[in-house]
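Commentary on secondary and tertiary structure
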Amino acid sequence: MSVHPIHIAVLDTDIPCYPVYAKRGLYSSQFNVLLTAAANRINASEYHKNRRSLSVHITAFDVVGGSFPHLESLRVSPWSPTENRPPGFPGPVDAILVTGAAAAVYDKLHWIPALQSFIARVYAEYPRVKIFGSCFGHQLIGQALLASDKSYMSQGSSFKLSVEASSDGHEIGMHPIILNPAFVSNFPPLARFTPKQPFHIQVIHGDAVMSSPADTLISRGKGAMLPEPWLNIGSSIKCPIQGLYKPGHVLTLQGHFEFDAFATAELCHKFANQFNWPADLLASHLENIRRSVVPGKDDDDDSKIAAEAVLLFFAGED
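Residues numbered from 1 in each chain as written. Predicted model: local features only at pLDDT ≥ 70, side-chain atom pairs only at ≥ 80, totals over all residues. Heavy atoms only, no water.

The protein chain has the name Class I glutamine amidotransferase-like protein in an unreviewed UniProt entry, where Penicillium hordei is given as its organism.

What follows is the structure, given as structure tokens:
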């Protein structure tokens, strides 16, 4: 069976808090480990039988320091098994991955407008390149591609999209996410999730992509409205938009498949210091985070399944 290599440019938008960095390195390194493991599971799965094996190559870019992929390196034609490249060269960039960050997209930081412009240009001019974002990356992509002064229409209602601080405060830990069936239908690993069996990955955020006015927030049980052909991946009680999906082109997650309870708890402690949380609030968040912990084993969550879905998206199998 031939191999389908996937070259992913990971845009590091932050450095993990020190205990996580000391144990696991940069976010780009963490995504490399997790997506490579996801490729191995997919290649051994029944639903991927008789398909080309997937392999992962990560190139990291420090966008805070002004490092971006050269546009000339981005894929402009469909991948072919007959592509020629020098040994060890990963080939054109197939996907852009924007990591999480402690920053907010509306912060006055020098690198955020440049990152938004880059994402908007890749989206408009390089449709063969898949775009994915986690947490801050989800919000940045929503801001760059959908949030503007433009009004959208859906089911006779006018609405706008924005990225703002959540009125319900931080959503942290393990919260049940009801996935949108229209989204789930594109990804075999997600088929097990129903309203009676919600999806769970670690979340830790105080901002969210929002649809306004408020009366557009619930649309036939699918969460907040989005302009066609975009889909909302699903909703939780505190966050109506848990991700964005434009089939074959863009996918985002408000949650972190790259975080386990250890990483989320360390970041939670950092947030507690930053926002001066009282001890009881911190304790409540930590209790929710640690609901996924199984002593001596991997966390009991759906992060591995989420990683597989993201990699299938990168491979063009959604």
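In this section: the nonpolar core. Membership of the largest hydrophobic core comes to 55 residues, with the highest contact counts inside it found for Ile 8, Leu 35, Phe 132, Leu 190, Phe 257, Leu 311 and Phe 314. Among the elements that line this core, the one with the most residues is helix 8 (residues 303–314), at 9 residues. Contact partners of Phe 132, with chain neighbours within four places excluded, come to Ile 96, Leu 97, Val 98, Ile 141, Leu 251, Thr 252, Leu 253, Phe 257, Val 310, Phe 313 and Phe 314. If you look at the next biggest cluster of nonpolar residues, it comprises 38 residues, including Leu 115, Val 129, Tyr 152 and Val 163. (Core = buried A, V, L, I, M, F, W, Y, C linked by side-chain atoms within 4.5 Å. Buried < 20%, exposed > 50% of the residue type's maximum accessible area, 1.4 Å probe, protein only. Helix = DSSP H or I, 4+ residues; strand = E, 2+ residues; numbered from the N terminus. Contact = heavy atoms within 4.5 Å.)

Before going further, it helps to spend a moment on the sheet that holds strand 6 (residues 157–165). The 3 strands lie next to each other as 5-6-10, forming an open sheet whose pairing is antiparallel. With one partner strand each, in any of the chains shown, strand 5 (152–154) and strand 10 (207–212) form the two edges of the open sheet. Shown here is a sheet whose adjacent strand axes are inclined to one another by a mean of 40 degrees, direction ignored. (Pairing = 2+ DSSP bridges. Axes fitted to C-alpha atoms, helices over the stretch in contact; angles between N-to-C directions.)

Now for unusual backbone geometry. Backbone torsion omega between Glu 228 and Pro 229 reads 5 degrees, so that peptide bond is classified as cis. Assignment of secondary structure puts Pro 229 in the loop between strand 10 and strand 11 (231–232). Positive phi is not limited to glycine here, since Asn 50 has a value of about 70 degrees. Inspection of the secondary structure puts Asn 50 in the loop between helix 2 (27–43) and strand 2 (53–62). Positive phi, close to 55 degrees, is recorded for Asn 276, a residue that is not glycine. Tracing the backbone through its elements, the reader meets Asn 276 in the loop between helix 6 (261–275) and helix 7 (279–289). Residue Asn 276 is classed as exposed on the basis of its relative accessible area, which comes to 65%.

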